[in-house]
Amino acid sequence: MPLKICFASAEVAPLAKAGGLADVSGALLKYLHADGHDVRLFMPGYAIIQREGLEIRPLDALRELSVTLGSQRYDFSVSSAQLPDSSAQVYLVECPAVFNRPSIYTADADEYRRFLVLTHAAFLSCQRMAFAPQIMHFNDWHTAAGPLLLRSPYAWDRLFQSTRSVLTVHNIGYQGIIDAAAQAEVLHGAPPSMLDAADLAAGRINLLKTGLAYTDRITTVSPTFAHELRTAEYGMGMETLLRTRRDAIVGILNGVDYDEWDPRRDRYISQHYGANQLGIKAELKHEFLQRIQLSGGARTALIGIVSRLATQKGFDLLFESLPLLLQVREFNLVVLGTGEPRYENFFSSLQRRFPARVHFERRYSDELAHWIEAASDMFLMPSRYEPCGLNQMYSLRYGTVPIVRRTGGLADSVQHFDAASGAGTGVVFNDYNAEGVSWALNTALDLYQNKAAWRRLVQNGMAQDYSWSRQVRGYVEMYQSLVES
Ligand code: ADP
Ligand code: GLC
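Residues numbered from 1 in each chain as written. Chains lettered and ligands numbered in written order. Predicted model: local features only at pLDDT ≥ 70, side-chain atom pairs only at ≥ 80, totals over all residues. Heavy atoms only, no water.

Within the chain one finds 19 helices and 18 strands. Taking 23 Å as the expected radius of gyration for a compact globule of 485 residues, we find that the chain reaches 23 Å, a close match to that expectation. Taking all 485 residues of the chain together, 61% fall into the buried category. For the chain, the separation between the mean place of its 47 positive charges and that of its 51 negative charges on side chains is 2 Å. (Helix = DSSP H or I, 4+ residues; strand = E, 2+ residues; numbered from the N terminus. Rg over C-alpha atoms; globule rule 2.2 N^0.38 Å. Buried < 20%, exposed > 50% of the residue type's maximum accessible area, 1.4 Å probe, protein only. Lys, Arg positive; Asp, Glu negative; His and termini not counted. Charge placed at Lys NZ, Arg CZ, Asp CG, Glu CD.)

Structure representation (structure tokens):
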């Protein structure tokens, strides 16, 4: 049975992307749509979206809408854009007052209001289109006010009478904690008792927590993280609430859009390869080493990193271990990422110290991200926490051995290689410390010297299937069980 789904997200690839939320939102739209469901996805009409070639049309039915938050009125209209490589449409909320900024996210005082506008726009557009969604699917703190709005200010409307809400936690580290003075704007007429009293007394509102309290289903992006987020180590203060809501939580592993991430048809690399053409992968590495001007030949392992440079990603572990390893072992390192200055400075200084062996690019580049996946021998993700992680799954398909910490989605998608049995797809370490990551890097570099074992490891990874066409079934089943409940 086709479902009617309203989806709201702050990021959708390829239109506006800061991290994995974009890949997942774009892929869910594409694959749910391909599966026959009516998905109306709302995202901000950011000024930074490159609009050429997107076939954007203003929608007559969705003109001159407005929402008032506190004393401020926001006027907006909605246009539709063609999702590239799909017949699905995206609804862009055109509200220049909040989305005409130089980046997706800002540190501006009205940051929460920008996403409240998006969340209301989803409801108001459903009303205008007389679209009665069976599911309203919200994502992360940005749209986490949605479940409360559905229960109270929009509850009068029979359109939403049988609508069930889903809130997906992609990243529990960002909770949308704002000043309690914003109470009236968040509540929008809902009773103040709907907000966490202890938080209010402490002068704050936690938007993610509010959503987690009222949503019908909580999903997160891997089964392991669905357990972890109920623990003090990973719950980031949400664990008590999440323990009481344990029956509402489901973990669904993210997938990979192999139309975008497959070395047999990658749009950015100069040659294509499959599991039995690893010679071509070696040629790509050679070409790439010349481009980024690193020394070392085919037998020098190239380790890649593509990441937001945030605490979550575990790069603190490298501060001591990496300079030491670079002195005693033969390998090269290529890093693409931007973020917190301490990590940017660390990789810059590493590059200065080892100019022929370390290459760091402090920017965002899809093209370079694809090249690093294709040309590297290994891909490092030492995450402190990782709800899912996508690059380890991309790496598997590119024959680039993932070196990961056993946490969240990394634990669910990479199995430690056992040389004796020949089973396994990567190198996995347990403990979040410098010894753990050093052990993993040494293990991977040793294995790399054993040609037969390495080939087996690479091919095991390339044979894995994490496609969205499979993973999307988990969402459809979850939606259906909610609709029937
Ligand atoms: P997160 O969402 O926590 O950042 P994920 O592993 O789920 O982590 O997704 C990260 C996505 O963002 C991947 O598609 C990765 O290739 C991409 N990415 C991160 N930083 C960059 C960058 N500097 N340039 C290009 N792509 C990047
Ligand atoms: C988040 C998480 C990442 C996940 C992504 C998409 O930002 O950090 O692990 O893969 O969202 O769900």
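That covers the picture; the talk isn't over yet.
Let us now look at the site of ligand 1. In the vicinity of ligand 1 there are 20 residues, among which Lys 17, Gly 20, Arg 308, Lys 313 and Arg 363 approach most closely. Within the contact set of ligand 1, an oxygen atom lies 3.4 Å away from a side-chain nitrogen or oxygen of Asp 23. The side chain of Arg 308 places a nitrogen or oxygen atom 2.7 Å from an oxygen atom of ligand 1. In isolation ligand 1 exposes 570 Å². Once the protein is present, 93% of that is buried. If you list the elements that add at least two residues to the shell around ligand 1, you get α1 (20–34), β13 (301–309), β14 (331–339) and α15 (391–397). Of the residues forming the shell around ligand 1, the biggest block, 3 residues, is contributed by β13. (Near = heavy atom within 4 Å. Polar contact = N/O pair within 3.5 Å; in protein donor to acceptor, adjacent residues only side chain to side chain. Areas by Shrake-Rupley, 256 points an atom, 1.4 Å probe, with all protein chains shown as cover.)

Opposite charge on two side chains lets them pair, provided their charged atoms get close. Using the criterion set out here, one finds 29 salt bridges in the structure. With a closest N to O distance of 3.3 Å, Asp 216 and Arg 151 form a salt bridge. With Asp 216 in the loop between α7 (207–214) and β11 (217–220) and Arg 151 in helix α4 (residues 146–151), the pair connects residues that are 65 residues apart, well separated along the chain. Asp 216 sits in the buried class, given a relative accessible area of 16%. One salt bridge connects Glu 260 with Arg 267, and the closest N-O pair in it is separated by 2.5 Å. For Glu 260, a relative accessible area of 23% puts it in the partly exposed group. Connected via shared salt-bridge partners are Asp 196, Asp 199, Arg 204 and Lys 209. (Salt bridge = Lys/Arg side-chain N within 4 Å of Asp/Glu carboxyl O.)

This part takes up the environment of Asp 140. Inspection of the secondary structure puts Asp 140 in the loop between β7 (135–139) and α4. With relative accessibility at 6%, the residue Asp 140 sits in the buried group. Sequence separation between Asp 140 and Ser 9 is 131 residues, and the spatial gap between their C-alpha atoms is 8.1 Å. Residues within four places of Asp 140 in sequence aside, it is in contact with Leu 21, Leu 167, Thr 168, Val 169, His 170, Asn 171 and Leu 208. Polar contacts involving the side chain of Asp 140 include one to the main-chain amide nitrogen of His 170, which spans 2.6 Å. (Contact = heavy atoms within 4.5 Å.)

A few words now on the packing of helix α12 (residues 318–328) against helix α17 (residues 434–449). One way to put it is that α12 packs onto α17 with a least axis distance of 9 Å and a crossing angle of 35°. The handedness of the crossing between α12 and α17 is right-handed. Here Leu 318, Ser 321, Leu 322 and Leu 325 of α12 lie close against α17, whose contacting residues are Ala 434, Val 437, Ser 438, Leu 441 and Asn 442. (Axes fitted to C-alpha atoms, helices over the stretch in contact; angles between N-to-C directions. Left-handed = near helix turned anticlockwise from the far one by under 90°.)

Under the defined criterion, the tally for this structure stands at 21 aromatic pairs. Here the aromatic rings of Phe 347 and Phe 360 are separated by 5.7 Å at their centres, their planes lie at 45°, and the arrangement is tilted. Placement of the pair is Phe 347 in helix α13 (residues 341–353) and Phe 360 in strand β15 (residues 358–361), with a sequence separation of 13 residues. On the basis of an interplanar angle of 90° and a centroid distance of 5.1 Å, the ring pair of Tyr 448 and Trp 454 is categorised as edge-to-face. Clustering of aromatic rings is evident, with ring pairs tying together Phe 315, Phe 319, Tyr 343, Phe 346, Phe 347 and Phe 360. A cation over a ring is seen here: Arg 40 above Phe 131, with NZ or CZ 3.9 Å from the ring centre. Across from the ring centre of Tyr 448, 4.7 Å away, lies the NZ or CZ of Arg 299, which sits over that ring. (Phe/Tyr/Trp six-rings, centres within 6.5 Å; stacked < 30°, edge-to-face > 60°. Lys NZ or Arg CZ within 6 Å of the ring centre and 35° of its normal.)

As a structural note, the neighbourhood of ligand 2 is formed by Gly 20, Leu 21, Val 24, His 170, Asn 171, Val 221, Asn 254, Gln 312, Glu 386, Pro 387, Cys 388 and Gly 389. With respect to ligand 2, the side chain of Gln 312 contributes an N or O atom lying 2.8 Å from an oxygen atom. Between Glu 386 and ligand 2, the recorded distance is 2.5 Å, taken from a side-chain N or O atom to an oxygen atom. If ligand 2 stood free it would expose 310 Å²; the protein chains cover 94% of that surface.

What follows deals with the nonpolar core. Judged by nonpolar contacts, the single largest core of 173 residues is most densely connected at Met 43, Leu 322, Phe 347 and Tyr 479. It is helix α3 (residues 111–129) that contributes the most residues to this core, 10 residues altogether. Met 43 has contacts with Ser 9, Val 12, Leu 15, Ala 16, Ile 49, Val 90, Tyr 91, Leu 92, Val 93 and Leu 118, leaving out every residue within four places of it along the chain. (Core = buried A, V, L, I, M, F, W, Y, C linked by side-chain atoms within 4.5 Å.)

Let's shift gears to the environment of Asp 266. The topology assignment puts Asp 266 in the loop between β12 (249–251) and α11 (278–291). Each C-alpha atom of the pair Asp 266 and Glu 330 lies 29 Å from the other, and the pair is 64 residues apart in sequence. Residues in contact with Asp 266, not counting those within four places in the same chain, are Glu 260, His 272, His 370 and Tyr 398. One polar contact links the side chain of Asp 266 to the main-chain amide nitrogen of Tyr 268, over a distance of 2.7 Å.

Note on terminology: a disulfide is the covalent bond linking the sulfur atoms of two cysteines. Here the structure, examined in full by the defined rule, presents 0 disulfides. Looking at Cys 95, it has no disulfide partner, and the nearest cysteine sulfur is the one in Cys 6, 17 Å off. (Disulfide = S-S within 2.5 Å.)

Our focus in this paragraph is the sheet that holds β15. Reading across the sheet, the 6 strands line up as β15-β14-β13-β16-β17-β18 and stay open at both edges, with parallel pairing between neighbours. The open sheet is flanked by β15 and β18 (427–429), the only strands paired with a single partner. Between one strand axis and the next, the sheet turns through 15° on average, direction left out of account. For β13 and β14, the ladder comprises 9 bridges, and the chain directions are parallel. (Pairing = 2+ DSSP bridges.)

Function cannot be inferred from these measures alone, as they are strictly geometric.
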